[in-house]
Amino acid sequence: MSDVKLPIEEEITPFSEEELEVTQPASESSDSDEPREESEERRPDIPSEINILPLRDSVIYPMLIAPLSVSREAGVQLIDESVAGESRVIGVVAQKTPQEDEPGFEGVYGYGCAVIIRTLVKMPDSVRLIVQGIARFKIVEPIQSKPYLRAKIEVIEDEPVSDDHAEELEALRRSIAAMFDQAVRLSPGLPDELRSLTTAVQETHVMTDLVSAHMNLSVQDKQTILETPALDKRMRLLLEMLSKEVRVLELTSKVQNEVNTELTKNQREYYLREQLKAIQRELGESDDRGEDLEDLSVRIHEADLPQEALKEVNREYDRLRRMNPGSPEFSVARTYVDTVLALPWNSKTEDNLDLVHAKQQLDDDHFGLEKIKDRILEFLAVRKVKTDGTVRQPILCFAGPPGVGKTSLGRSIADALGRKYGRISLGGMRDEAEIRGHRRTYVGALPGQVVQALRRAGSHNPLIVLDEIDKLGNDFRGDPSSALLEVLDPEQNSTFRDHYLDVPFDLSKVFFITTANRLDTIPAALRDRMEVIELGGYTEEEKVEIAERHLIPKQIGEHGLRPAQIEFKQDAVVHLVRHYTREAGVRNLEREVGSVVRKATRLFAEGRKTKKVVNKAFVEEALGAPRYLHDEVAERDLRPGMAVGLAWTPVGGDVLFIETAKMHGNKGLIVTGQLGDVMKESVTAALTYLRSNASDWGIAEDAFEKAEIHVHVPAGAVPKDGPSAGVTMLTALTSLFTGRTIHSRLAMTGEITLTGQVLPVGGIKEKVLAAHRAGVTTLILPERNKKDYLEDVPDEIRKQLTTHFVKHGHQVLKLALSK
């Protein structure tokens, strides 16, 4: 290494890479103790012709001390010849294109800075310098381009500052100082010591240039400041550039802080999870969360969900992945995803369209009920014939007394169709959320019963029985019957939206069957959506057949006996049906059969070996004396003032005895027997009709004024209501005042008007069956109920009865009263 010593500086050691940065101004870094003013006075002379050294990505300002590294051949030659000629002053100019290796005058800016070489160190492949800026210059005329640039220059002196601009410059100086301080504080690449630069340098023009040199500005911006001789304009330019730089630094700092905060949070969570994994490994436990979420992702992909459901599930799955498993929201989101995936969105069963098989299945499971069986077979026939398009699923309502097989018929229909079966009990339900589900904002939210039934069935076209729809309630939690309006409407249920799922689910493929004991408690709008099929009670012959086919074999099996051990005689079954049960259905009959079988089971448990034959005697031994008399009507002593009516109850039909009496007094009409308002009005209407037509039946006109009339309906503890006993009240009152009894074994039903017209009533089948059970042989029914009688009452019952159909009260009285 060869060193060149300059007379005005002492020798320095070779530069390291870190030394190639801008240094403090000469006023702070020079070893000289001479005042600044004296140094300025001895500023080296700047020749009019000067060697030009191009600089890459660098701009030198007057008074700035800066290190330079020269490695290009032309540059090294320029330095050597300048020093050899004892001309330590050279010109430095920034290149327009840093990538250019041998720039000419067109490749450099027209303004530069004259510098004096303070120190020089030669390296094997370069020359390193420390230079200090002297003054700005402008290239006036190029002299040479080879081997290095040389040109005539014009030195540009700083313009003097007038006293008028002193305050303005001081304001600009302070603004620049504040901005520079803020920039140093925000910029990680600038040392904090630079914050004292603006106070240490007193000269405004020097401070402006040094701040420009230290800031991270582009070469173009630094060159613009260098080329601006007017100090106030230069300071304004610098202040504008500083403001922009500070805004960028503030934004960068804000973004960096946010990133660091997020990284810190993520690093903390990662660290804690790693610790948790380590603890679990020590305890012999494993973290299955990753595998669990991966399995969940596979299930979502394979579920083939509708678009809206898939979007919602993916949203919840993304939340799950970002959520801590210990968070309460994690279990809520996981339960939701599992519930949606468990639903049968595309799973269905194919209907068995074999009509012969379906009829056989229905007949094997239930005796009678031909109207319902025909309706199911009609549906299957339509499904079989209509091969294109969709077939609307029927929504049936089985209405009838308890125990006739409404609910069990639903399962039988599902088996006949080959569909999955579900049942929802609606009795006592008061909360709308039981149908539509709870919103997920509530703790412990669940989907509604309809969606849960579909999930249990595992098919989106099952048969679902909505049991006891007439016993729905409502309170402050809502009205479930209103929620069912959408479920049971084929026009709406294709987009049924459960509150919990919050996505539409197609219920149009579901076969809904509802059951009810009475229709008057079902809201009209809901009743209108269903096809009502009424089931009447069973006849005595049907009950015997049901007992022999179904009830007796079932009870024998439930009590551990074999069919070879016990046999029921038919007369014993008839005796059991006739004298121990009086109901529309067969539930109580099944209980009585069970009691008989238990008695027989006890005999075998005590050691009996031979077969037990159940006859009438054994039935009475097992159940005691007969509870019901078969000929209830005949055993009543019919006197004038008595009549037999028929009533309908939710548990079947019944016989109603009407008793009347008259006595002296003026209290008018007395009605007892816990009658409802409608029934009381029927008594009044019947009495009014009789009084207005008293002469037709030989009743004196003043008979009613002198008599106090009492009408009583026995079984006073049982509430009674309805208009169907009107003709019975008329017959009883007419019998009372004429003294004529009614014909024996005669019963009647019908509503009476003030003009004597007989209006139709409901429950004809139940009433006729009740009359037949009670021993009635003659019936009087309204003319407009004739079709109901012929369609609903079995032939074998009609053959045993004499039935008269009437339109007017006169006809009733002529048929009912004896002569």
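Not measured: the values here are computed from a predicted model.

Here is what the cut-offs are and how they apply
Residues numbered from 1 in each chain as written. Predicted model: local features only at pLDDT ≥ 70, side-chain atom pairs only at ≥ 80, totals over all residues. Heavy atoms only, no water. Helix = DSSP H or I, 4+ residues; strand = E, 2+ residues; numbered from the N terminus. Rg over C-alpha atoms; globule rule 2.2 N^0.38 Å. Buried < 20%, exposed > 50% of the residue type's maximum accessible area, 1.4 Å probe, protein only. Contact = heavy atoms within 4.5 Å. Areas by Shrake-Rupley, 256 points an atom, 1.4 Å probe, with all protein chains shown as cover. Core = buried A, V, L, I, M, F, W, Y, C linked by side-chain atoms within 4.5 Å. Axes fitted to C-alpha atoms, helices over the stretch in contact; angles between N-to-C directions. Parallel < 35°, antiparallel > 145°, perpendicular 65-115°, else oblique. Nonpolar A, V, L, I, M, F, W, Y, C, P; charged D, E, K, R; others polar. Pairing = 2+ DSSP bridges. Right-handed = clockwise from strand over helix to strand, strands pointing away. Phe/Tyr/Trp six-rings, centres within 6.5 Å; stacked < 30°, edge-to-face > 60°.

Run through the overall build of the protein chain, naming residues and quoting values.
Broken down by element type, the protein chain carries 29 helices and 24 strands. Taken against the 2.2 N^0.38 rule, which gives 28 Å for 819 residues, the C-alpha radius of gyration of the protein chain at 55 Å runs more than 25% over that of a compact globule. Split into buried and exposed, the 819 residues of the protein chain put 46% on the buried side. Long-range pairs, those at least 24 residues apart, make up 74% of the contacts in the protein chain with a sequence separation of at least 6. With the model as given, the accessible surface of the protein chain reaches about 41,400 Å², and the carbon-plus-sulfur share is 48%.

Quick one: what's the story with the nonpolar core, residue by residue and with numbers?
One finds Ile79, Leu129 and Val211 to be the most contacted residues of the largest nonpolar core, which totals 71 residues. When residues of this core are assigned to their parent elements, the largest contribution, eight residues, is made by helix α8 (residues 231–282). For Ile79, the contacting residues outside a window of four places in its chain are Val70, Ile90, Ile117, Leu120, Val127 and Leu129. Core analysis: the second largest hydrophobic core is formed by 58 residues, Leu656, Met679, Tyr689 and Trp697 among them.

Account for the packing of helix α20 (residues 570–580) against helix α22 (residues 616–623), naming residues and giving values.
Here α20 crosses α22 at 40°, and the two axes come no closer than 8 Å. If you check the angle between α20 and α22, you find them oblique. In this structure, α20 contributes Asp571, Ala572, His575, Leu576 and Tyr580 to the contact, and α22 contributes Lys616, Val619, Glu620 and Leu623. Taken together, the residues that form the contact of α20 with α22 break down as five nonpolar, one polar and three charged.

Could you give an account of the pairing of strand β18 (residues 669–672), naming the residues involved and the relevant values?
With four bridges joining them, β18 and strand β19 (residues 707–712) adopt parallel strand pairing. The residue of β19 that forms the bridge with Leu669 is Ile709. Once you follow β18 into helix α24 (residues 677–692) and on to β19, the crossover reads as left-handed.

Report on the packing of aromatic side chains, specifying residues and quantitative values.
Taken as a whole and assessed by the stated rule, the structure comprises four aromatic pairs. Note on Phe704 and Phe737: the rings are 4.5 Å apart at their centroids and 45° apart in plane angle, and the pair reads as tilted. Taken together, the residues span a long stretch of sequence, with Phe704 in the loop between α24 and β19 and Phe737 in helix α25 (residues 726–738) at a distance of 33 residues. On the basis of relative accessible area, Phe704 is assigned to the buried category, the value being 8%. Accessibility expressed as a relative area gives 11% for Phe737, which makes it buried.

Any chance you could break down the environment of Thr672 for me, citing the residues and the numbers?
When you line up the elements, Thr672 lands in strand β18. Residue classification places Thr672 among the partly exposed positions, given a relative accessible area of 27%. Between the C-alpha atoms of Thr672 and His710, which are 38 residues apart in sequence, the distance is 7.8 Å.

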